[in-house]
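Coordinate analysis (summary)
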Amino acid sequence: MTVKAFTPNTHFCKQDIEQLDHSDPLYSLRNEFDLPPGLIYLDGNSLGAMPRTTPAVIDNLLKNQWRDDLNKGWSKHQWLNMPLTIGDKIAQLVGADAGEVAACDSTSINLFKLLCAAIQMRPGRKYIVSETQNFPSDLYIGKSVEDLLQRDVAMKLCPREHLLENIDEECAVVILTHVDFRTGYIHDMEAISRAAAAKGALIIWDLSHSTGVLPVELNHCQVDFAVGCGYKYLNGGPGAPAFLFVSKQHQTQLDQPLRGWLGHENPFLFGIDYHPAAGIKRTLCGTPAVLSLAALEAAIEVLLTQDIHCLREKSMQLTSVFIQLIAQECAEFGFTLLSPTDAHRRGSQVSLGHSHAERIIQALESRNIIADFRAPNILRFGFSPAYVSYVDLWNAVTTLRDIMQNEDF
Ligand SMILES: *Cc1c(COP(=O)(O)O)cnc(C)c1O
């Protein structure tokens, strides 16, 4: 299946859209998710939908593992290894090798751990470079590291178009989010990672809006470090553990600041000195969130049944059709397209600008169409290719048209 190049005079009728569902090889994947009947969910980039298997997995863990085995569960069910076994599964989605990914903590905490560790690998360098548009939590973490280090290393923020010129010999670490949460813009991971490497700087990519919807090739792009979120397109559930990636080449030097016992080479010796475990395990801090990890694993299993390139094809097609339908049905209502027009530079979302964005999102919600509002004036529509259909797009856009025609904005 190829992505159609939509010309301005392409016109869709409802039958064309139904035909897209009929020829969609991923259509039946919807059945693996338990969505409320009648709801059109275009917010999987905020909180992914629940896989049908999740309740049984959690129920089994509660009753057959925790209730029956109690503390024997740690060894019998390998609970302590879950961050690494699930990390290996996430590795398959992000172009990493086994032993390079751990599922643990939150994205912000993982960024803190890796940022501190990376700075120590580049002594004497002065800056953490990022862009002003980066996700605020990532910038807050960068700033808190700057404060902790008493400004030996400072955040240097620049607009996106000046990133490359700011990555120079004084830059210790670059922190960037691969897919912009506001607009869906996709950075050129390979070019920026290579540019950083050429100047001797390290790079940490935040994959929160990438993992599970588009192919990421961390090792191919020579990425040093990455972090990402478990509850968006990975569908791990509210507050699901996040993940982190450390390239094999950096693992023996990696000294992360949260030296908890589960990153120790032998936590059960209870020695007074910390000796980091070999490999990715040293990135761990405390006891894993077993219940949440089980839900995350169940959700990742669903995605691993699919070819990520196939998911990406559908995702590009969904965003392209949505943009075309907005142009066709809602041209006169003053929406602006904030996402890239080129599907290859656009993640799995479409953002529209409108001065009444918040009220429009509320009006959609009252008609069972869930998308989200991002300040100050953004309507953000996320399209998980795993469970969004083309008819969902048709219904969402025609409802939006009715709202704009009939309500007083
Ligand atoms: C959602 C998101 C996070 C989430 O951070 P948590 O610490 O897990 O809450 C981080 N970074 C980006 C870019 C995100 O979109």
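The structure this text deals with has already been given above.
An account of the accompanying structure is given in this report. (Residues numbered from 1 in each chain as written. Predicted model: local features only at pLDDT ≥ 70, side-chain atom pairs only at ≥ 80, totals over all residues. Heavy atoms only, no water.)

It is worth spelling out the overall build of the protein at this point. A count of helices and strands for the protein gives 13 helices and 13 strands. What you see for the protein is a C-alpha radius of gyration of 22 Å, in line with the 22 Å of a compact globule of 409 residues. Classification of the 409 residues of the protein by burial places 53% in the buried group. Relative to all contacts within the protein whose residues are 6 or more apart in sequence, the contacts with residues 24 or more apart total 74%. (Helix = DSSP H or I, 4+ residues; strand = E, 2+ residues; numbered from the N terminus. Rg over C-alpha atoms; globule rule 2.2 N^0.38 Å. Buried < 20%, exposed > 50% of the residue type's maximum accessible area, 1.4 Å probe, protein only. Contact = heavy atoms within 4.5 Å.)

A cis amide bond, omega 0°, links Ala375 with the succeeding residue Pro376. Relative to the elements of secondary structure, Pro376 occurs in the loop between β12 (372-374) and β13 (378-382). Here Leu70, not a glycine, exhibits a phi torsion of approximately 45°, which is positive. In this model, Phe270 sits at a positive phi of 50°, which is unusual for a non-glycine residue. Within the fold, Phe270 resides in the loop between α9 (248-251) and α10 (290-304).

In this structure, Asn110 sits in helix α5 (residues 107-120). Polar side-chain contacts of Asn110 include one of 3.4 Å to the backbone oxygen of Phe243. Not counting residues up to four positions away in its chain, the partners in contact with Asn110 are Cys104, Asp105, Val227, Ala242, Phe243 and Leu244. (Polar contact = N/O pair within 3.5 Å; in protein donor to acceptor, adjacent residues only side chain to side chain.)

What follows deals with the pattern of salt bridges. Applying the stated criterion across every chain, the model contains 22 salt bridges. Notably, a salt bridge pairs Asp24 with Lys314, separated by 2.8 Å at the nearest N-O pair. In this pair, Asp24 sits in the loop between α1 (14-22) and β1 (40-41) while Lys314 sits in helix α11 (residues 308-329), placing the two residues 290 residues apart along the sequence. Just as Asp24 is buried, Lys314 falls in that class too. Here Asp68 and Arg67 are joined by a salt bridge, their closest N and O atoms 3.0 Å apart. On the basis of relative accessible area, Asp68 is assigned to the partly exposed category, the value being 45%. When its relative accessible area of 52% is taken as the criterion, Arg67 is described as exposed. Here the residues in one salt-bridge network are Lys143, Glu146, Asp147 and Arg151, joined through shared partners. (Salt bridge = Lys/Arg side-chain N within 4 Å of Asp/Glu carboxyl O.)

Another aspect to go through is the site of the ligand. Residues in contact with the ligand, as listed here, are Ser106, Thr107, Ser108, Phe135, Asp138, Thr177, Asp206, Ser208, His209, Tyr231 and Lys232. Ser208 is positioned such that a nitrogen or oxygen atom in its side chain is 3.4 Å from a nitrogen atom of the ligand. The fraction of the free accessible surface of the ligand (390 Å²) that becomes covered by protein chains is 87%. (Near = heavy atom within 4 Å. Areas by Shrake-Rupley, 256 points an atom, 1.4 Å probe, with all protein chains shown as cover.)

For the rest of this paragraph, the subject is the packing of α5 against helix α6 (residues 136-148). Direction vectors running N to C along α5 and α6 enclose 40°, while the axes themselves pass 10 Å from each other. It follows that α5 is oblique to α6 by the angle criterion. Two packed elements cross with a definite hand, and for α5 against α6 that hand is right-handed. Listed contacts from α6 to Ser108, Leu111, Phe112, Leu115, Cys116 and Ile119 of α5 are Ser137, Asp138, Ile141, Gly142, Val145 and Leu148. Of the residues belonging to the contact of α5 with α6, the class tally is 8 nonpolar, 3 polar and 1 charged. (Axes fitted to C-alpha atoms, helices over the stretch in contact; angles between N-to-C directions. Parallel < 35°, antiparallel > 145°, perpendicular 65-115°, else oblique. Left-handed = near helix turned anticlockwise from the far one by under 90°. Nonpolar A, V, L, I, M, F, W, Y, C, P; charged D, E, K, R; others polar.)

Most of strand β6 (residues 202-206) sits inside the fold, with 5 of its 5 residues counted as buried. Read as a crossover between parallel neighbours, the route from strand β5 (residues 171-177) over helix α8 (residues 189-198) to β6 is right-handed. Two strands pair when backbone bridges link them, and β6 and strand β7 (residues 225-228) are joined in this way by 3 bridges, in the parallel orientation. Opposite Trp205, over in β7, you have Ala226 as the bridge partner. (Right-handed = clockwise from strand over helix to strand, strands pointing away. Pairing = 2+ DSSP bridges.)

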